[in-house]
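# Structural overview for review
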Amino acid sequence: MRTDICDLLGIEIPLLAFSHCRDVVVEVSKAGGFGVLGGSSFAPEDLKRELTWIDENVDGKPYGVDIVLPEKLGEEMAVDDETLLAMVPAEHRRFVQGVLAEHGIELAEEKLLGMFGAGVTGDIGERLMDVILRHPVKLVANALGVPPAYVIERAHAAGLPVAALVGAKEHAIRQVEAGVDVVVVQGTEAGGHCGEVTTMVLVPEVVRALRERDLMVPVLAAGGIVTGEQMAASVVLGAAGAWTGSVWLTTHEAETAPWTVEKMLAASSRDTVRSRARTGKPSRQLRTSWHAAWEREGAPQPLPMPLQSWVSETGLRHVDKLAETGHEGARELATYWVGQGVGLMDRRKSARDVVIEMATGYADATERLAATLE
Ligand SMILES: Cc1cc2nc3c(=O)[nH]c(=O)nc-3n(C[C@H](O)[C@H](O)[C@H](O)COP(=O)(O)O)c2cc1C
């Protein structure tokens, strides 16, 4: 098993695992894949703590970090985080309070507003890069458009490749022209923010477009990939491997709230929804009464990113805690980002076992494919 991404990152299995959970990152890297820590919700000092822990536990295996820095914020967003926070309308807070109350959950309106994550304004991106560059990180990835120029410049100066997530052919071309070294082509099946085209169509479309322009960088397929057979299919489609997120959410190590894990294990591939109701941008999540509430007549329009997260995240995290106590309304509302591959996730496993199963499935699929030529 050897592709361009294995050579670039020094890994044995062309399997990248995005996770907000450091334990998953460490286990995947130790098993021969490549863990990527989702750093979007960490302030610089938290990121430093997480990376230090990874360094102490990863046995020298390579790993990466993913940050979510928009290329540029809209003009109305070019203010400090406190001013942004004050822009969340009372109507939205009252709406969320109402949805919770319908499910038997009381939460004071003022509690339903909190800056989630490290913030997006000021020099936060530079400070996250300062932290990343002090650790033996082997890949910096960025979601949400072309990474800001300083991310690419500083990573390259340190000899680090930069990856970026794309959901459309035009974005892939723009990213590589801007200096991105690895393109993660993410289909609509994916958990989290996603576009509208399927992985099966988008991967060959991007591979062909880059090849025609002589923009020769490794492409990773993402979106719906949960098995080794799908990983092999990615390579058949022209990718150098798979970038995965959802499959780790039901592992023993994951950060996912326990009740939500139960819901995921029981869910079918039709139980997700691409909705703006959590972050303000379309992102795929487990469909629950939270989404039904935002879709009904008279509901306010979700706010632009990052404001929607600041009005939804506090309430939904509270819901997760209540769901643990058996609260019925909370159990109904509880949701998290997950892709359509959730229909294939039906058992709790360790992250290491997922890597081993995927590597085995990849080898089996490759043999089956080769046998068709005999
Ligand atoms: C819970 C969750 C959170 C995610 N958060 C981010 C993020 O912060 N940054 C990012 O680049 N991608 C994020 N993603 C997308 C993943 O990087 C990956 O592209 C996606 O999960 C692949 O599709 P799959 O979920 O079908 O495996 C997230 C995905 C999930 C499931």
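Below is a short write-up of the structure. (Residues numbered from 1 in each chain as written. Predicted model: local features only at pLDDT ≥ 70, side-chain atom pairs only at ≥ 80, totals over all residues. Heavy atoms only, no water.)

Let us now look at the overall build of the protein. Counting its regular elements, the protein contains 15 helices and eleven strands. Over its C-alpha atoms, taken along the principal directions, the protein stretches across nearly 65 × 45 × 40 Å. Across the 374 residues of the protein, 54% fall into the buried class. Sequence-distant contacts in the protein: of pairs separated by 6 or more residues, those separated by 24 or more amount to 67%. If you sum the accessible surface of the protein, you get close to 15900 Å²; carbon and sulfur atoms cover 50% of it. Separation of charge centres in the protein, based on 36 positive and 53 negative side chains, amounts to 1 Å. (Helix = DSSP H or I, 4+ residues; strand = E, 2+ residues; numbered from the N terminus. Buried < 20%, exposed > 50% of the residue type's maximum accessible area, 1.4 Å probe, protein only. Contact = heavy atoms within 4.5 Å. Areas by Shrake-Rupley, 256 points an atom, 1.4 Å probe, with all protein chains shown as cover. Lys, Arg positive; Asp, Glu negative; His and termini not counted. Charge placed at Lys NZ, Arg CZ, Asp CG, Glu CD.)

The next thing to look at is the pattern of salt bridges. Throughout the structure, instances matching the rule amount to twelve salt bridges. Residues D123 and R127 are paired through a salt bridge, measuring 3.7 Å at the closest nitrogen-oxygen approach. A relative accessible area of 44% places D123 in the partly exposed class. R154 is paired through a salt bridge with E126; the nearest N and O atoms lie 2.9 Å apart. Here R154 is found in helix α7 (residues 149-157), whereas its partner E126 is found in helix α6 (residues 124-132), with 28 residues between them in sequence. Through salt bridges with shared partners, a single network forms among R22, D46, R49 and E50. (Salt bridge = Lys/Arg side-chain N within 4 Å of Asp/Glu carboxyl O.)

Taken together, the three strands give an open sheet; going across it, the order is β7-β11-β10, and neighbouring strands pair in antiparallel fashion. Edge positions in the sheet fall to β7 (192-193) and β10 (272-275), since each has one partner strand and no second. Sheet topology note: the β10/strand β11 (residues 283-286) ladder contains four bridges and is antiparallel. What sits directly across from V273, in β11, is Q285. (Pairing = 2+ DSSP bridges.)

Negative phi is the rule for most residues except glycine; trans is the rule for most peptide bonds. Going from M305 to P306, the amide bond is cis rather than trans, its omega being 5 degrees. Positive phi outside glycine occurs at D59, with the angle close to 55 degrees. Note that D59 resides in the loop between α3 (44-57) and β3 (63-67). Despite not being glycine, D214 has its phi angle at roughly 60 degrees, a positive value. With respect to the helices and strands, D214 occurs in the loop between α9 (199-212) and β8 (219-222). For D214, a relative accessible area of 62% translates into the label exposed.

All right, on to the nonpolar core then. Counting residues in each nonpolar core, the largest one holds 72 residues, and the members touching the most others are L47, L51, V183, L210 and W248. Per-element tally for this core: the top contributor is helix α15 (residues 351-371), with seven residues. Of all hydrophobic cores here, the second largest spans 24 residues; its members include V96, L307, L316 and A334. (Core = buried A, V, L, I, M, F, W, Y, C linked by side-chain atoms within 4.5 Å.)

Another aspect to go through is the site of the ligand. As a matter of local geometry, the ligand sits amid 19 residues, with D66, Q186, G224, G245 and S246 nearest to it. Contacts to the ligand include Q186, whose side-chain N or O atom sits 2.4 Å from an oxygen atom. Contact with the protein chains removes 94% of the 600 Å² of surface that the ligand exposes when unbound. Looking at the shell around the ligand residue by residue, the class counts come to nine nonpolar, nine polar and one charged. (Near = heavy atom within 4 Å. Polar contact = N/O pair within 3.5 Å; in protein donor to acceptor, adjacent residues only side chain to side chain. Nonpolar A, V, L, I, M, F, W, Y, C, P; charged D, E, K, R; others polar.)

Under the defined criterion, the tally for this structure stands at three aromatic pairs. Between F95 and W294, the aromatic rings sit 4.7 Å apart at their centres with planes inclined by 65 degrees, giving edge-to-face as the arrangement. Placement of the pair is F95 in helix α5 (residues 90-102) and W294 in helix α12 (residues 289-295), with a sequence separation of 199 residues. Each member of the pair, F95 as well as W294, is classed as buried. Connected via pairs of aromatic rings, a cluster forms that spans F95, W290 and W294. Lying across the ring of W337, R278 places its NZ or CZ 4.4 Å from the centre. (Phe/Tyr/Trp six-rings, centres within 6.5 Å; stacked < 30°, edge-to-face > 60°. Lys NZ or Arg CZ within 6 Å of the ring centre and 35° of its normal.)

Their axes nearest at 6 Å, the elements helix α10 (residues 228-236) and α15 cross at an angle of 55 degrees. If you check the angle between α10 and α15, you find them oblique. The chirality of how α10 crosses α15 is right-handed. Every residue of α15 that contacts α10 at G228, E229, M231, A232, V235 and V236 is listed here: M358, A359, G361, Y362, A365, T366, R368 and L369. Taken together, the residues of the contact of α10 with α15 sort by class into nine nonpolar, three polar and two charged. (Axes fitted to C-alpha atoms, helices over the stretch in contact; angles between N-to-C directions. Parallel < 35°, antiparallel > 145°, perpendicular 65-115°, else oblique. Left-handed = near helix turned anticlockwise from the far one by under 90°.)

We now examine the pairing of strand β6 (residues 182-186). Burial analysis of β6 places five of its five residues in the buried class, the great majority of the element. Because side chains alternate across β6, one face comprises the buried residues V182, V184 and Q186, and the other comprises V183 and V185, equally buried. Across four bridges, strand β5 (residues 162-166) lies against β6 in parallel orientation. Bridge pairing in β6 links A164 to V183. Handedness of the β-α-β unit built from β5, helix α8 (residues 169-177) and β6 comes out right-handed. When β6 meets β8, the two strands line up parallel, connected through four bridges. For V183, the partnering residue across the bridge sits in β8 and is V219. (Right-handed = clockwise from strand over helix to strand, strands pointing away.)

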